[in-house]
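# Observations on the three-dimensional arrangement
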Amino acid sequence: LAEQSSRAKTSFLSNMSHEIRTPMNAIIGLNNIAMNEPGVSSNVMEYLEKIGSSAHHLLGIINEILDMSRIESGRMTIMKEEFSFSHCLEQVNSIISGQCKNKNLTYDCTIIGNIDDYYIGDEMKLRQVLINILGNAVKFTPEGGKVSFLIEEGAKYDNKAVLKFTISDNGIGMSKELLPHLFDAFSQEDSSATSTYG
């Protein structure tokens, strides 16, 4: 019964994510058409670009739901494709700076040293991780606070590079007792924080 229930859940997730993809692709397509309309003001163009970034990110989350079923069946894969790091960073900053502006937070993204234009890796998963952690920093930082995002390249060896991302904020933080559970499937230090922060 447990295995049957798990298979049913996996099938449901897979079907739902396919269903949701269809209108999401329509939104992305129509947004692209709107961006190419003649005479679009710079303000409207900025809004359309942010809609596009958010729509692409949402589509990535939908793909991640599909990945959940792949994880359970042992078919999860990490992509190794060339991607533009600057474009990836632009999308992350567009979403997070918008969230910070809405909440009256200062957002600071700093690059230290030389970062290459292109890397080989899984851009979608990298972007998801960064947006998730930065999004939490925004969520748990009170109005008037600051969220900082620092990027630096570490050692290079055997045609590989180490990128270091440091995200900091002046929000509520977490206790040392919670740190060992940081990478558990899901854990929350204080469930009452849900009503305060969402």
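Here the residue numbers are simple positions, counted from 1 along each chain's written sequence. Two thresholds apply to this predicted model, a pLDDT of at least 70 for residue-level local features and 80 or more for giving and counting side-chain atom pairs, whereas whole-chain, interface and lining totals are computed over all residues. For the side-chain quantities, the full set of heavy atoms in the structure was used; hydrogens and water were omitted.

### With respect to the packing of aromatic side chains
The geometry of an aromatic ring pair is captured by two quantities: the separation of the ring centres and the angle between the planes. Pairing of aromatic rings covers Phe, Tyr and the six-membered ring of Trp, with a centre-to-centre limit of 6.5 Å; geometry is then stacked below 30 degrees between planes, edge-to-face above 60, and tilted otherwise. A full pass over the atoms with the stated rule returns three aromatic pairs. When the centroid spacing of 5.8 Å and the interplanar angle of 80 degrees are considered together, the rings of Phe 85 and Tyr 119 count as edge-to-face. Pair noted here: Phe 85 is in helix H3 (residues 85-102) and Tyr 119 is in strand S3 (residues 118-121), with a separation of 34 residues, a long-range link. Take Phe 85 and Tyr 119: they sit in the same class, and that class is buried. The way it works is that DSSP assigns letters per residue, a run of H or I at least four long becomes a helix, a run of E at least two long becomes a strand, and they are numbered from the N terminus. Under the scheme applied here, a residue whose accessible area is under 20% of the maximum for its type counts as buried, over 50% as exposed, and between as partly exposed, the area being computed with a 1.4 Å probe on protein chains only.

### Notes on the confidence of the model for the protein chain
pLDDT is a per-residue confidence score from the predictor, ranging from 0 to 100. This prediction gives the protein chain a mean pLDDT of 84; 86% of its residues lie at or above 70. Mean pLDDT values for the elements of the protein chain range from 61 in helix H5 (residues 193-197) up to 96 in strand S2 (residues 106-112).

### Overview of the sheet that holds strand S5 (residues 160-169)
Strand order in the open sheet made by the three strands is S2-S4-S5, with mixed pairing throughout. Each having just a single partner strand, S2 and S5 make up the two edges of the open sheet. Shown here is a sheet whose adjacent strand axes are inclined to one another by a mean of 15 degrees, direction ignored. Only strands that DSSP links by at least two bridges are regarded as paired with each other. Of the pairings in the sheet, the one linking strand S4 (residues 146-157) to S5 comprises nine bridges and is antiparallel in character. By the bridge assignment, Glu 152 is partnered in S5 with Lys 164. Together, S2, S4 and S5 form the strand contacts of H3, whose direction differs from that of S2 by roughly 160 degrees. Residue contacts are counted whenever heavy atoms from the two residues lie within 4.5 Å of one another. Lines fitted to the C-alpha atoms define the axes, with helices restricted to the stretch that makes contact. Angles between their N-to-C directions range from 0 to 180 degrees. Here helix H4 (residues 123-139) sits on the sheet and contacts S2, S4 and S5; the angle it forms with S5, its principal contact strand, is near 15 degrees.

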